[in-house]
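# Descriptive analysis of the structure
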Amino acid sequence: MLRVDRAAGEHLSAGDGQAAVVHLHLRAERAQHGGRALEPVGLLEPQAGGVDDLRLAVRERGDDAQHRDQIRDGRGVDRDAAQRAAPYGDGILRLAHIRAEAAQHIQHRAVALRRVGRKARDRDAGGRERAHAQEKRGKTYEPKSVESRLYDFWQKNGYFHAEPDKSKKPYTIVMPPPNITGQLHMGHALDNTLQDILTRFRRMQGYCTLWLPGTDHASIATEAKIVAAMAEEGVTKEELGREGFLERAWEWKKVYGGRITEQLRKMGSSCDWSRERFTMDEGCSKAVREVFVNLYNKGLIYRGERIINWCPHCKTSISDAEVEYTEQDGFFWHLRYPLTDGSGFIELATTRPETLLGDTAVAVHPDDERYKDMVGKTLTLPLVGREIPIVADSYVDPEFGTGVVKITPAHDPNDFEVGLRHNLEVINVLDDGAVINENGGKYQGLDRYEARKRIVEDLDKGGFLVRVEPHAHNVGECYRCHTTVEPRVSRQWFVKMEPLAKPAIEAVKSGETKFIPERFEKTYFHWMENIRDWCISRQLWWGH
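A quick note: this is a predicted structure, and the numbers were derived from the prediction, not measured.

Strands sit in the order β8-β7-β13 across an open sheet of 3 strands; the sheet is antiparallel. Unpaired on one side and paired on the other, β8 (345–350) and β13 (465–478) mark the two borders of the sheet. Averaged over all neighbouring strand pairs, the angle between strand axes comes to 20 degrees, with direction disregarded. When strand β7 (residues 323–338) meets β8, the two strands line up antiparallel, connected through 6 bridges. If you follow Trp333 over to β8, its bridge partner there is Thr350.

What follows is the structure in structure tokens.
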């Protein structure tokens, strides 16, 4: 079915064949140059005279046989359209050819439009994707663009600031001050988040709420960090001197203390920063001195020689809470201590043969039938030749090992207590660096581990070593440098713990203070009921 422009059909119907041909030709040209698409209509039936006029118009436009042949062969136009147009003569064939050219141009134009359309759709799709991505980004929480601005708003408006208000119930949390040794870790993040939740909850309930922030000078940990940093520069604190070292310590506090408080702010901590404290501020230092004097006047603080935990690396005493115990593979050295009268010997075992140099007794349980006849006799200390007594003390477990314990009051807390009960001599054989001192005889100057090796060799040569067996046991380490702690007698300041522990124990037993979960009460009672006098002095420059 031949399809042409409706306007051309109107010309043909009116007998204006030339006008129709011209119109179709111009229409094809317009299609070639991007004009609008032709409107499809049915096959136009020629009217009287219209075909002759059309033939004339076609011939006047220089129609040739080549065009007719192409049309008759079906090339350039639809074959079916050419066959149906053939009865109407050359004019109709030319019309078909013009229509074919127009269709070809329209097809090219349609292809181009489709390409443009695809590009437009692609652009639209890309735009939609970008819009979707932008919308998605808008829904994603971007803390940098929100939190700092919001926290500044909170602070500027004083929402965390607290003033005493007698009309409100008070609620206060004192932040456990982080050490200024570096920066916060995940443990701090969890702890402070929980405090913040409680504080904000009470604040919204209408309480007069205060969360007091601060940082801790952490004398041992901070001094160890500073000394390590100085070592990388090839400088020691002794070379700097006390004043020079303290200047450096305050600079450290300025850097790391500021970093910690900035981290707390970044977490959104709703602290009253106008009350921020540092444990070596003048106010805190004054409070420390006042409490110390008050406790001393009450007889709760005293200075004396007792067993303390000594760190040979940090060269300072540390409290029981600052000792971490790890299981290590060691040995039990079984030794023979000969009776002075030559009637035999006593066998015992030790994990620290180097402390033999400071032994001042051997203890057995008073009810142990194996040794009842030996109590009161003396032994000759191997390698040293010193006579030491055999004493009876309930501290000894008769079921453990041979039921005999060597007593070294200067280097074991339990031995120290036994020594006090039996008035035993206290002989310290190690210096501040865990090196054998002048009381160690020929072993003086040896590191404790080198001395151990030499002493075991000499015991074996002297016939005092019975056997050696592997033994895993807990060894105390400094919580900061992880050096094996050396128990030793030292003159330090102590707090009497028994009178302070009693009311604390009673508070839990009465229900005034509760543990959650409740099972931790057992741990608490074990700790408080067995606590020893607390060492509070340190051999450090940084601190009170």
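Our next topic: the nonpolar core. Among soluble globular proteins, nonpolar side chains are generally buried collectively. Membership of the largest hydrophobic core comes to 28 residues, with the highest contact counts inside it found for Leu335 and Tyr337. Of all the elements, helix α13 (residues 448–461) adds the most residues to this core, at 4 residues. For Tyr337, the residues in contact, after removing those within four places along its chain, are Phe345, Ile346, Leu348, Leu356, Asp359, Val362, Leu379, Leu381, Pro382, Ile388 and Lys406. Counting residues in hydrophobic clusters, the runner-up holds 12 residues, among them Phe160, Trp211, Ile260 and Trp273.

On to unusual backbone geometry, then. Cis rather than trans, the peptide bond between Ile516 and Pro517 has omega equal to 0 degrees. You can see Pro517 is positioned in the loop between α14 (498–509) and α15 (520–529). Its identity as a non-glycine residue notwithstanding, Leu383 has a phi of 70 degrees, on the positive side. Positive phi, normally seen in glycine, also occurs at Asn423, with a value near 55 degrees.

Here we take up a negative patch on the surface. Together, Asp447, Glu450, Glu457 and Asp460 make up a region of like negative charge exposed at the surface. Its relative accessible area of 36% is what places Glu457 among the partly exposed residues.

Take a probe with the size of a water molecule and roll it over the atoms, and the empty space left behind shows itself. One number sums up the size of the second largest pocket: a volume of about 970 Å³. If you trace the second largest pocket, you find 33 residues lining it, with His217, Val288, Ile536, Arg538 and His544 closest to the centre. For the lining of the second largest pocket, the secondary-structure elements that each account for two or more residues are α9 (219–232), α11 (282–297), β14 (486–495) and β15 (534–535). Looking at which element gives the most residues to the lining of the second largest pocket, the answer is α11, with 7 residues. When grouped by side-chain class, the residues that make up the lining of the second largest pocket number 19 nonpolar, 9 polar and 5 charged.

In a regular helix each residue adds 1.5 Å, so 16 residues correspond to 22 Å; α11 covers 23 Å between its end C-alpha atoms and thus fits that length. Downstream of α11 by one or two residues, Gly299 has phi in the positive range, about 80 degrees.

Moving on, we get to the pairing of strand β11 (residues 387–392). Where strand β9 (residues 361–364) lies against β11, 3 bridges are found, and the strand directions are parallel. Its bridge partner lying in β11, Ala363 is registered against Val391. A loop of 6 residues connects strand β10 (residues 378–380) with β11, the two strands running antiparallel in sequence, and Leu383 in this loop sits at a positive phi of about 70 degrees.

Our focus in this paragraph is the side chain of Thr215. Following the sequence through the fold, Thr215 ends up in strand β3 (residues 214–215). Classification of Thr215 as buried rests on a relative accessible area of 2%. Those residues in contact with Thr215 that sit more than four places away from it in its chain are Pro177, Pro178, Ile180, Ile260, Thr261, Arg277, Phe278 and Thr279.

Contact geometry for α14 and α15: axes closest at 10 Å, N-to-C directions at 160 degrees. For the element pair α14 / α15, the angle class is roughly antiparallel. For the crossing formed where α14 meets α15, the hand is left-handed. Judged by residue contacts, Ala501, Ala504, Ile505, Val508 and Lys509 of α14 engage Glu521, Tyr524, Phe525, Met528 and Glu529 from α15.

With that settled, consider the sheet that holds strand β5 (residues 301–311). If you walk across this open sheet you meet the 4 strands as β6-β5-β14-β15, and the pairing is antiparallel. Whereas interior strands pair on both sides, the edge strands pair on one side only; in this sheet they are β6 (316–318) and β15. Pairing analysis gives 2 bridges linking β14 to β15, with the strands arranged antiparallel. Following the sheet pairing, Phe494 is matched in β15 by Cys535.

We now examine the pattern of salt bridges. Inspection of the entire model under this criterion finds 21 salt bridges. In this structure, the salt-bridge partner of Asp393 is Arg421, at a minimum N-O distance of 3.0 Å. Residue Asp393 is found in the loop between β11 and β12 (404–407), and its partner Arg421 is found in helix α12 (residues 413–422); the two are separated by 28 residues along the sequence. Arg488 is paired through a salt bridge with Asp432; the nearest N and O atoms lie 3.1 Å apart. Separated by 56 residues along the polypeptide, Arg488 in strand β14 and Asp432 in the loop between α12 and α13 bring together distant segments of the chain.

Next up on the list: the packing of α9 against helix α10 (residues 237–266). Running from N to C, α9 and α10 point in directions that differ by 115 degrees, and their axes come no closer than 11 Å. The orientation of α9 relative to α10 falls into the category roughly perpendicular. Between α9 and α10 lies a crossing of right-handed hand. Residues Thr222, Glu223, Lys225, Ile226, Val227, Ala229 and Met230 of α9 lie in contact with α10, whose contacting residues are Lys237, Leu240, Phe245, Arg248, Ala249 and Trp252. The residue makeup of the contact of α9 with α10, split by class, is 8 nonpolar, 1 polar and 4 charged.

Definitions and limits used
Residues numbered from 1 in each chain as written. Predicted model: local features only at pLDDT ≥ 70, side-chain atom pairs only at ≥ 80, totals over all residues. Heavy atoms only, no water. Pairing = 2+ DSSP bridges. Helix = DSSP H or I, 4+ residues; strand = E, 2+ residues; numbered from the N terminus. Axes fitted to C-alpha atoms, helices over the stretch in contact; angles between N-to-C directions. Core = buried A, V, L, I, M, F, W, Y, C linked by side-chain atoms within 4.5 Å. Buried < 20%, exposed > 50% of the residue type's maximum accessible area, 1.4 Å probe, protein only. Contact = heavy atoms within 4.5 Å. Patch = residues over 30% accessible without salt bridge, like charges linked within 9 Å, V, L, I, M, F, W, Y side chains within 5 Å. Areas by Shrake-Rupley, 256 points an atom, 1.4 Å probe, with all protein chains shown as cover. Salt bridge = Lys/Arg side-chain N within 4 Å of Asp/Glu carboxyl O. Lys, Arg positive; Asp, Glu negative; His and termini not counted. Charge placed at Lys NZ, Arg CZ, Asp CG, Glu CD. 1 Å grid on protein atoms, 1.4 Å probe; cavity = no way out; pocket = protein on both sides within 12 Å on 5 of 7 lines; lining within 4 Å. Points joined across faces, edges and corners; volume = space filled by probe spheres on them. Nonpolar A, V, L, I, M, F, W, Y, C, P; charged D, E, K, R; others polar. Expected span 1.5 Å × (residues − 1). Parallel < 35°, antiparallel > 145°, perpendicular 65-115°, else oblique. Left-handed = near helix turned anticlockwise from the far one by under 90°.

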